[in-house]
Amino acid sequence: ECKEYCLIKGIVTGSVEALGRGQDAGIDYSERVRILLVSPESSISYPPEVPPEIAEVMVELEEDLRRGRNEARILSGCRSVLDVALQKLGETSGGRGDRIGRLGAKGLLTAGLSDWAKRLWQDGHDGVHELQAKGHPVAEHVAFLKLFIEVAFVIPGKISAGKVAP
């Protein structure tokens, strides 16, 4: 069983010999390599209402957590997702605490979600600067972000599209 992503089959265009000798230094190989299959496929996905850049990073954070990777890096990723989410929700100026508070004042976040977002921001700051996130509730922060994303993007998007039953 492969516990990491493994290239199963791909196509390389151009001089394979040159690639092997390192003669193509500085070339963007994404133009020359096309991955046909990656296994195992991620079982984690997010609904289309979630901004793609947030969904992509959240999938990685959940996979990193499941694989027991560096918790400080996961915590840092959580902070990044929260920051981008705040921007996507229209809060782009001032400190994170202020932006979170304004979303709460607008009714876009409950008091509990606002409090947890502020806690994530502070825990993330401490954890990142320690390079270890020992003692920080990393799994809970990832779970919180999933809920935050649901409340901030998925539910409003479904309501706008008329996909939520009364």
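Participant: Got a minute to help me understand the overall build of the chain in this structure?
Facilitator: Counting secondary structure elements, the chain contains six helices and two strands. Start at the N end of the chain and walk to the C end: the helices and strands fall as β-α-β-α-α-α-α-α. In the chain, buried positions account for 33% of the 166 residues. Sequence-distant contacts, at least 24 apart, represent 61% of the contacts inside the chain between residues at least 6 apart. Of the accessible surface of the chain, which amounts to about 10,000 Å², a share of 54% is contributed by carbon and sulfur atoms.

Participant: How do you make sense of the confidence of the model for the chain when you look at a structure like this?
Facilitator: Predicted coordinates in areas of low pLDDT are best not read in detail. Per-residue confidence for the chain gives a mean pLDDT of 79, with 71% of residues at or over 70. Highest mean pLDDT in the chain belongs to helix 2 (residues 52-66) (93); lowest belongs to strand 1 (residues 6-12) (52).

Participant: Looking at this structure, how should I read the environment of A139?
Facilitator: Along the chain, A139 turns up in helix 6 (residues 138-160). On a C-alpha basis, the gap between A139 and I74 in space is 9.1 Å, while along the polypeptide they are 65 residues apart.

Participant: What is the right way to look at the pattern of salt bridges in this model?
Facilitator: Side-chain pairing between opposite charges can occur once the charged atoms of the two side chains come close. Following the criterion strictly, the structure yields seven salt bridges and no others. In this structure, the salt-bridge partner of E62 is K146, at a minimum N-O distance of 3.4 Å. In this pair, E62 sits in helix 2 while K146 sits in helix 6, placing the two residues 84 residues apart along the sequence. The class of K146 is partly exposed, set by a relative accessible area of 38%.

Participant: I'm lost on the packing of helix 3 (residues 71-88) against helix 4 (residues 96-105) in this one. Help?
Facilitator: Any two packed helices are characterised by the angle at which their axes cross and by the distance between the axes. Put simply, helix 3 and helix 4 touch, their axes get as near as 11 Å, and they point 50° apart. One way to sum up the angle between helix 3 and helix 4 is to call them oblique. The handedness of the crossing between helix 3 and helix 4 comes out as left-handed. Side by side, helix 3 and helix 4 meet where L82, D83, L86 and Q87 of the first sit next to R96, R99, I100 and L103 of the second.

Participant: Even after reading the chapter, I still don't get the nonpolar core, so can you show me in this structure?
Facilitator: In a soluble, globular protein the nonpolar side chains are often hidden away together inside. Within the largest apolar cluster, 34 residues are counted, with the highest numbers of intra-cluster contacts made by I54, M58, L82, L145 and F148. Discounting residues that sit within four places of it in the chain, F148 has contacts with L82, A85, L89 and L109.

Participant: What exactly am I supposed to notice about helix 6 here?
Facilitator: For an α-helix, the turn length of 3.6 residues means that residues three or four places apart are oriented alike. Here helix 6 is 23 residues long and its end C-alpha atoms lie 32 Å apart, about the 33 Å a rise of 1.5 Å per residue gives. Within helix 6, the axis deviates most sharply at E150, by approximately 40°. Within the sequence span of helix 6, burial applies to V138, H141, V142, F144, L145, F148, I149, A152, F153 and V154. Just beyond helix 6, the residue with positive phi is G162, at close to 70°.

Participant: How do you make sense of the side chain of S114 when you look at a structure like this?
Facilitator: In this structure, S114 sits in helix 5 (residues 111-130). The residues contacting S114, other than those within four sequence positions of it, are I100, G104 and L109.

Conventions adopted
Residues numbered from 1 in each chain as written. Predicted model: local features only at pLDDT ≥ 70, side-chain atom pairs only at ≥ 80, totals over all residues. Heavy atoms only, no water. Helix = DSSP H or I, 4+ residues; strand = E, 2+ residues; numbered from the N terminus. Buried < 20%, exposed > 50% of the residue type's maximum accessible area, 1.4 Å probe, protein only. Contact = heavy atoms within 4.5 Å. Areas by Shrake-Rupley, 256 points an atom, 1.4 Å probe, with all protein chains shown as cover. pLDDT = per-residue confidence, 0-100. Salt bridge = Lys/Arg side-chain N within 4 Å of Asp/Glu carboxyl O. Axes fitted to C-alpha atoms, helices over the stretch in contact; angles between N-to-C directions. Parallel < 35°, antiparallel > 145°, perpendicular 65-115°, else oblique. Left-handed = near helix turned anticlockwise from the far one by under 90°. Core = buried A, V, L, I, M, F, W, Y, C linked by side-chain atoms within 4.5 Å. Expected span 1.5 Å × (residues − 1). Bend = angle between axes of the 7 residues up to and from the residue.

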